[in-house]
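Results of the structural survey
Next come the chains, spelled out residue by residue.
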Amino acid sequence: MLSTNPTRLNPTKSNQISTIDCKNKWILPGFIDCHTHLVWGGSRSNEFEMRLNGATYEEISKKGGGIFSTVQATRNASEDELYVSASKRIAFLLSQGVTTVEIKSGYGLDLKTELKMLSVIDRLNQTFPITVHPTFLGAHALPPEFKSCPDKYIDLVVNTMLPQIKNQGIATAVDVFCENIGFNLKQTEKVFKAAKNLGFNVKLHAEQLSDSNGTALATKYGALSCDHLEYLSEAGVEQMAKHDVTAVLLPGAFYFLKETKKPPVALFRNHRIPMAISTDLNPGSSPIHSLNLILNMACLLFDMTCEEVILGVTINGAKALGIEDSKGSIEVGKDADLALWDIDAPSDLCYLTGLTPVKTVMINGLIQ
Ligand code: NIG
Ligand code: FE
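Residues numbered from 1 in each chain as written. Chains lettered and ligands numbered in written order. Predicted model: local features only at pLDDT ≥ 70, side-chain atom pairs only at ≥ 80, totals over all residues. Heavy atoms only, no water.

1. Here we look at the coordination of the iron ion (ligand 2)
Just so we agree on the cut-off: Note that water is not among the atoms used; donors are N, O and S atoms within 2.8 Å of the metal (3.2 Å for Na, K and Ca), so sites may look incomplete. Note on conventions: DSSP H or I runs of at least 4 residues are helices, E runs of at least 2 residues are strands, and numbering of each starts at the N terminus. Type-normalised accessible area, obtained with a 1.4 Å probe on protein chains alone, sets the label of each residue: buried when under 20%, exposed when over 50%, and partly exposed for intermediate values.
The protein atoms that coordinate the iron ion (ligand 2) are His35 (NE2), His37 (NE2), His205 (NE2) and Asp280 (OD), at distances spanning 2.1 to 2.5 Å. In primary sequence terms, the donor set of the iron ion (ligand 2) follows H-x1-H-x167-H-x74-D. With histidine 35 in the loop between β3 (31-33) and α1 (45-52) and aspartate 280 in the loop between β10 (275-277) and α12 (291-302), this pair connects stretches of sequence that are 245 residues apart. Here the two residues histidine 35 and aspartate 280 agree in accessibility, since each one is buried.

Below you can see the structure in the form of structure tokens.
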């Protein structure tokens, strides 16, 4: 169990340096989980059972379930309730060697609840040693009250939510779900334009369930990453390569939704596109808290090598967040975010599923 009292490895009064015995162990950069939705209210276990009886994710969403049911529960939850449930999730990630996590809003879909979620995310950042990157995902789904006028909701995101969030400084990036059950290209572009004008980084949930051409649009707006990408075309891959956009692959959602179309990993390789891997931790499409299991899935479901997968949660995870100058590898001048593993080889982290042999985690030079 990791201690809650961080200590610094500094020379003591007697000029002695505290030491950690690393014999027969591996030190790796702290892991970066670059795409999560880990603040949410309620549960979707009933939908899991509906899916076991044959309903699809899209059908459930179209009937008002899916993201909408989490929106209802998140609107009804107090800030403290959301903080307590999210704390358990983030603490578990920390215990698996995660030192940086990105967390999206997007289960509020009204100004009050989006701000409440971002405030919970900020509180997690203040109270946990993990570095938290907050992303505003107001354009995650169309809230029921805007069913007949989707463009009006986009106006609310652009004219009211984005400026307020900018003023409060509680998000650094803006994400959109560009999909037939999310937002179309025109709506996505409106959000990106406004976000870039305000100085936010942008990223996109792109080509997860269909090829909507979102990736090409995101590359035009200098997106840090495009995420999911199962239905991405070769033309889309070429655009990503041209604009140096990181591909964030989410095998948990692929697995949990029983998707059969794999993201074009071989094309990403050929075009030298950095591939990041993440949990996508959320109640609907990837309620999977184990990063170790996600690493294993990336190997077996997406045909990635152990090396690619470990790069995916270190330096390429950093690229997906635009923080590769300070995090994601062990180098002089970078933050001392490290994990000490009791393993024989790094590939054990992909191979020994269910075991999390972290011995010590250091964040910013502090032992956790
Ligand atoms: O990354 N694709 C959209 N958003 C999430 C799912 C959210 C949910 O179902 O609650 C995802 O898969
Ligand atoms: Fe997601």
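2. Section: the site of ligand 1
We count it as follows: Each residue is tested against the molecule or strand, and it is near if at least one of its non-hydrogen atoms lies within 4 Å. Polar contacts here mean pairs of N or O atoms no more than 3.5 Å apart (in protein, one a potential hydrogen donor and the other a potential acceptor; neighbouring residues in sequence count only if both atoms are side-chain atoms). Detection works on a 1 Å grid of protein atoms alone, calling trapped sets that fit a 1.4 Å probe cavities and calling open sets with protein on both sides within 12 Å along at least five of seven lines pockets, with lining residues defined by an atom within 4 Å of a point. To be counted as sitting in a cavity or pocket, a molecule needs more than half of its atoms within 2 Å of that site's grid points.
Lining the immediate surroundings of ligand 1 are 15 residues, of which Arg44, Tyr57, Tyr107, Gln208 and Ser285 lie closest. Take histidine 37: an N or O atom from its side chain is 3.3 Å from an oxygen atom of ligand 1. Separating an oxygen atom of ligand 1 from a side-chain N or O atom of histidine 205 is a distance of 3.1 Å. One can see that ligand 1 is located within the largest cavity.

3. A look at the nonpolar core
Note the following rule: Definition used in this section: a nonpolar core is a set of buried Ala, Val, Leu, Ile, Met, Phe, Trp, Tyr and Cys residues joined via side-chain atoms within 4.5 Å. Contacts are assigned to residue pairs that have any heavy atoms within 4.5 Å of one another.
One finds Val39, Leu124, Leu249 and Phe268 to be the most contacted residues of the largest nonpolar core, which totals 99 residues. When sequence neighbours within four positions are dropped, the list of residues in contact with leucine 124 reads Leu38, Val39, Tyr83, Ala86, Ser87, Ile90, Ile103 and Val132. Of all hydrophobic cores here, the second largest spans nine residues; its members include Ile32, Cys34, Leu250 and Leu321.

4. Things to note about helix α7 (residues 185-197)
Given 3.6 residues per turn, any residue in an α-helix points the same way as the ones three and four places further on. Our working definition: Helix span, as expected, comes to 1.5 Å for every residue beyond the first. Arc, as used here, means the arc of the directions from the helix axis to the C-beta atoms.
End to end, α7 covers 18 Å across 13 residues, agreeing with the expected 18 Å (1.5 Å per residue, within 8%). Listed as buried for α7 are Gln187, Thr188, Val191, Phe192, Ala194 and Ala195. What you see down the axis of α7 is that its buried residues fit within an arc of 170°, all on one side. Set apart from the buried face of α7 by more than 90 degrees, the exposed residues are Lys186 and Asn197. On the buried face of α7, the contacting elements are β5 (131-139), α6 (150-168), β6 (173-177), β7 (201-206) and α8 (214-220). The backbone nitrogen of lysine 186 lies 3.1 Å from a side-chain oxygen of the residue at the head of α7, namely asparagine 184.

5. Brief notes about empty space enclosed by the protein
The condition is simple: Grid points are joined across faces, edges and corners, and a volume is the space filled by probe spheres set on the points. For this scheme, ten residues count as nonpolar: Ala, Val, Leu, Ile, Met, Phe, Trp, Tyr, Cys and Pro. Four count as charged, namely Asp, Glu, Lys and Arg, and the remainder, Gly too, count as polar.
On inspection of all chains with the given rule, the structure shows five cavities of 30 Å³ or more. Its boundaries defined by the atoms lining it, the largest cavity holds a volume of some 100 Å³. Forming the boundary of the largest cavity are 13 residues, of which His37, Tyr57, His140, Asn282 and Ser285 lie nearest the centre. A breakdown of the residues in the lining of the largest cavity according to their chemical character gives four nonpolar, seven polar and two charged. Volume-wise, the second largest cavity comes out at about 60 Å³. Phe31, Gln96, Leu291, Asn292, Leu295, Trp341, Leu349, Leu355, Thr356 and Pro357 are the residues that line the second largest cavity. In terms of residues, the lining of the second largest cavity owes the most to one element, α12, which gives three residues.

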